[in-house]
Amino acid sequence: MKLIILLCVIGLSLFGYDKAHLEKLFKEESCKQCDLSGAKLNNKDLSGFEIENSNFQGANLSGANFFMAELQNCDFSDTNMENANFWKADLQMSNFINTKAKGANFKGAKLQNSTIKNSDFSYSISWKADFSDATIENSDFSFSELGDAKFFNNNLITNKLDNAILWKTIFQKSMLNAKQYDEATKEEAILINIEKLK
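Residues numbered from 1 in each chain as written. Predicted model: local features only at pLDDT ≥ 70, side-chain atom pairs only at ≥ 80, totals over all residues. Heavy atoms only, no water.

Participant: Any chance you could break down the overall build of the protein for me, citing the residues and the numbers?
Facilitator: In terms of helices and strands, the protein carries three helices and eight strands. Going residue by residue from the N terminus, the α and β elements of the protein occur as α-α-β-β-β-β-β-β-α-β-β. A globule of 198 residues ought to have a C-alpha radius of gyration of about 16 Å, and the protein, at 18 Å, matches this closely. Buried residues in the protein amount to 40% of all 198 residues. Relative to all contacts within the protein whose residues are 6 or more apart in sequence, the contacts with residues 24 or more apart total 3%. When the accessible area of the protein is evaluated, it comes to approximately 10100 Å², of which 50% is carbon and sulfur surface. Counting 22 positive and 26 negative side-chain charges, the protein places the centres of these two groups 2 Å from one another. (Helix = DSSP H or I, 4+ residues; strand = E, 2+ residues; numbered from the N terminus. Rg over C-alpha atoms; globule rule 2.2 N^0.38 Å. Buried < 20%, exposed > 50% of the residue type's maximum accessible area, 1.4 Å probe, protein only. Contact = heavy atoms within 4.5 Å. Areas by Shrake-Rupley, 256 points an atom, 1.4 Å probe, with all protein chains shown as cover. Lys, Arg positive; Asp, Glu negative; His and termini not counted. Charge placed at Lys NZ, Arg CZ, Asp CG, Glu CD.)

Written out as structure tokens, the structure reads:
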């Protein structure tokens, strides 16, 4: 019994958001360096909110609206953001590790210098999104819409791009495996100084 209680306490401490931070967020539409880990923000409207340098680890953001939100340098590890709206949001230098982003909208989003690892971005919409200098590893972008998106200085060889829309997607100074290269060529992507690995 003591062990069960201890494990519950540990679990709460790992993903226990600060209630004062959450109240401040909705009162002022701004909260920097906030602890929102484990918060239930699904289907909430946070469009235009300023939430830089904050911790969303383990939060439920599914269906939430972050249209044009300022979200630089945030931690979205272990977060569920399926079908959330990040249209034109600023997500630069943020972490997406073990993140569930299936069907999310990143159209026009800024993702430069972000880290995306072991995450599910399948069926996501990222037209004109900027992934320049992002670290992207072992993530699934299958059936995603990446038309006119920008990949500059990215190593993409360990990621899935199966059946993704890559029309006019810009790949520059990036690394693609042979399958990705062929798909990009077929989709009329723009390939500049690309390193193709077999």
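Participant: Kindly report on the nonpolar core, identifying the contributing residues and their values.
Facilitator: Residues Phe56, Leu71, Leu91, Phe106 and Phe131 are the most contacted members of the largest nonpolar core, which totals 48 residues. Beyond its immediate stretch of four places on either side in the chain, leucine 71 contacts Ile51, Phe56, Phe66, Phe76, Phe86, Ala89, Asp90, Leu91 and Ser94. (Core = buried A, V, L, I, M, F, W, Y, C linked by side-chain atoms within 4.5 Å.)

Participant: Now, about helix 3 (residues 178-186): what can you tell me, with residues and values included?
Facilitator: Structurally, the start of helix 3 carries an N-cap: the backbone nitrogen of lysine 179 is 3.2 Å from a side-chain oxygen of asparagine 177. In the stretch just after helix 3, glutamate 188 is the one whose phi turns positive, near 65 degrees. (Polar contact = N/O pair within 3.5 Å; in protein donor to acceptor, adjacent residues only side chain to side chain.)

Participant: Before we move on, could you go through the packing of aromatic side chains and cite the residues and values that matter?
Facilitator: Under the definition given, this model contains 15 aromatic pairs. Consider the rings of phenylalanine 26 and phenylalanine 49, whose centres lie 6.0 Å apart with planes at 70 degrees: the pair is edge-to-face. Here phenylalanine 26 is found in helix 2 (residues 19-28), whereas its partner phenylalanine 49 is found in the loop between helix 2 and strand 1 (95-97), with 23 residues between them in sequence. Aromatic side chains phenylalanine 131 and phenylalanine 141 sit 6.2 Å apart centroid to centroid with 85 degrees between the ring planes, which places their arrangement in the edge-to-face category. Here phenylalanine 131, found in the loop between strand 2 (115-117) and strand 3 (135-137), pairs with phenylalanine 141, found in the loop between strand 3 and strand 4 (150-152); they are ten residues apart in sequence, far enough to count as distant. An aromatic cluster of three or more residues is present, and its members are Phe56, Phe66, Phe76, Phe86, Phe96, Phe106, Phe121, Phe131, Phe141, Phe151 and Phe171. Here lysine 107 stacks its cationic end above the ring of tryptophan 87, 5.9 Å away from the centre of that ring. (Phe/Tyr/Trp six-rings, centres within 6.5 Å; stacked < 30°, edge-to-face > 60°. Lys NZ or Arg CZ within 6 Å of the ring centre and 35° of its normal.)

Participant: Break down the state of the cysteines for me, with residues and values.
Facilitator: Considering all chains together, one arrives at one disulfide under this definition. The residue that forms a disulfide with cysteine 31 is cysteine 34, at a sulfur-sulfur distance of 1.4 Å. The burial state of cysteine 31 is the same as that of cysteine 34; both residues are buried. (Disulfide = S-S within 2.5 Å.)

Participant: How would you explain helix 2 if you had to name every residue and give the values?
Facilitator: Its side-chain oxygen 2.9 Å from the backbone nitrogen of alanine 20, aspartate 18 forms the N-cap of helix 2. Glutamate 29 occupies a position one or two residues after helix 2 and carries a positive phi of about 55 degrees.

Participant: Explain the sheet that holds strand 2 to me, using residue names and the numbers behind them.
Facilitator: Strand order in the open sheet made by the three strands is 1-2-3, with parallel pairing throughout. At either end of the open sheet lies a strand with only one pairing partner, and these are strand 1 and strand 3. Looking at each pair of strands side by side, their axes are set apart by 5 degrees on average, direction ignored. Of the pairings in the sheet, the one linking strand 1 to strand 2 comprises three bridges and is parallel in character. Note that in strand 2 the partner of phenylalanine 96 across the bridge is isoleucine 116. (Pairing = 2+ DSSP bridges. Axes fitted to C-alpha atoms, helices over the stretch in contact; angles between N-to-C directions.)

Participant: How would you explain the environment of serine 122 if you had to name every residue and give the values?
Facilitator: Along the chain, the position of serine 122 falls in the loop between strand 2 and strand 3. Each C-alpha atom of the pair serine 122 and isoleucine 165 lies 11 Å from the other, and the pair is 43 residues apart in sequence. When neighbours within four sequence positions are excluded, serine 122 is seen to be in contact with Ala101, Lys102, Gly103, Asp140, Phe141 and Ser142. One polar contact links serine 122 to aspartate 120, side chain to side chain, over a distance of 2.6 Å.

Participant: Let's hear about unusual backbone geometry: which residues, and what values?
Facilitator: Residues other than glycine seldom take positive phi values, yet asparagine 98 does so here, at roughly 55 degrees. Mapping asparagine 98 onto the fold places it in the loop between strand 1 and strand 2. For asparagine 98, a relative accessible area of 38% translates into the label partly exposed. If you check the backbone angles, aspartate 148 has positive phi at about 65 degrees while not being a glycine. With respect to the helices and strands, the residue aspartate 148 is situated in the loop between strand 3 and strand 4.

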